Amino acid sequence: MADRKIELTKRGKESLESELRNLIDVVRPEVIEQLKAARAQGDLSENADYDAARDRQAEVEHRINEIEAILASAVVIEDKPVNTKVVALGTKVTFKDLSDNTTMTVEIVGSIEANPLEGLISNECPLGVAMIGRHVGEKALVNSQTPYEVEILNIALDR
């Protein structure tokens with residue numbers, strides 16, 4: 001991850017920094033206390049609480065390292081692009097899926113921030129790639145497993 005730049009919105013970077021602070025300041029000390037309590041129970045060879053605490057500690061440390069690597073490689077893009085003429089990172093896009101005539105609105109974000117269930121799609125996913133650089137009224141072919149076409153209906157800067 002360190003040799004590849006990761007695009008994040010300012011909001012995405014702040015979210016990761018907040019998660020990192022929580023892991024370091026709150027979760028890590030809790031896990032350390034759980035380990036101490038489990039050690040106090042005696043024999044560690046058959047101590048399920050100790051094993052669970054060690055597993056949790058490994059998960060927490062892994063996530064801390066992961067976030068630190070992401071932030072070290074992050075390039076913060078402007079959260080709010082300056083115009084609504086073209087689809088770009090940080091824009092909200094309303095489009096029509098021409099295969100079934102459904103209309104959706106999504107926000108284009110960096111891959112780390114993507115959460116399709118919340119309407120946040122990556123600039124690197126097939127839909128994001130197809131729409132980036134397009135204008136209202138343009139059609140774009142989404143190169144997914146089953147390709148489909150979308151039409152850009154609106155581009156907005158608001159959230």
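See the structure printed just above.
Everything numeric in this text was worked out from a predicted model, so none of it was measured.

Scoring rules and cut-offs
- Residues numbered from 1 in each chain as written.
- Predicted model: local features only at pLDDT ≥ 70, side-chain atom pairs only at ≥ 80, totals over all residues.
- Heavy atoms only, no water.
- Helix = DSSP H or I, 4+ residues; strand = E, 2+ residues; numbered from the N terminus.
- Rg over C-alpha atoms; globule rule 2.2 N^0.38 Å.
- Buried < 20%, exposed > 50% of the residue type's maximum accessible area, 1.4 Å probe, protein only.
- Contact = heavy atoms within 4.5 Å.
- Areas by Shrake-Rupley, 256 points an atom, 1.4 Å probe, with all protein chains shown as cover.
- Lys, Arg positive; Asp, Glu negative; His and termini not counted.
- Charge placed at Lys NZ, Arg CZ, Asp CG, Glu CD.
- Pairing = 2+ DSSP bridges.
- Expected span 1.5 Å × (residues − 1).

Across its full length, the protein holds three helices and seven strands. Along the protein, helices and strands appear, N-terminal first, in the series β-α-α-β-β-β-β-α-β-β. A compact globule built from 159 residues would reach a C-alpha radius of gyration of about 15 Å, whereas the protein, at 21 Å, exceeds it by more than 25%. Projected onto the principal axes, the alpha-carbon positions of the protein cover approximately 70 × 30 × 30 Å. The 159 residues of the protein split such that 33% are buried. Considering only contacts within the protein whose residues lie at least 6 apart along the sequence, 55% involve residues at least 24 apart. Carbon and sulfur atoms make up 50% of the accessible area of the protein, which totals about 9400 Å². Placing the 19 positive and 29 negative side-chain charges of the protein at their respective mean positions leaves the two points 6 Å apart.

Two strands pair when backbone bridges link them, and strand β3 (residues 92-97) and strand β4 (residues 102-109) are joined in this way by six bridges, in the antiparallel orientation. Paired with K92 across the two strands is E107, which belongs to β4. Linking β3 back to β4 in an antiparallel pair, the connection comprises four residues, with N101 at a positive phi of about 60°. Examined bridge by bridge, β3 and strand β7 (residues 148-156) share six bridges and lie antiparallel to one another. What sits directly across from D97, in β7, is V150.

Further remarks concern helix α2 (residues 48-73). Its 26 residues place the ends of α2 38 Å apart at the C-alpha level, agreeing with the 38 Å of an ideal helix rising 1.5 Å per residue. Looking only at α2, the buried set comprises Y50, A53, V60, I64, I67, I70, L71 and S73.

The analysis is restricted to geometry; functional conclusions fall outside its scope.
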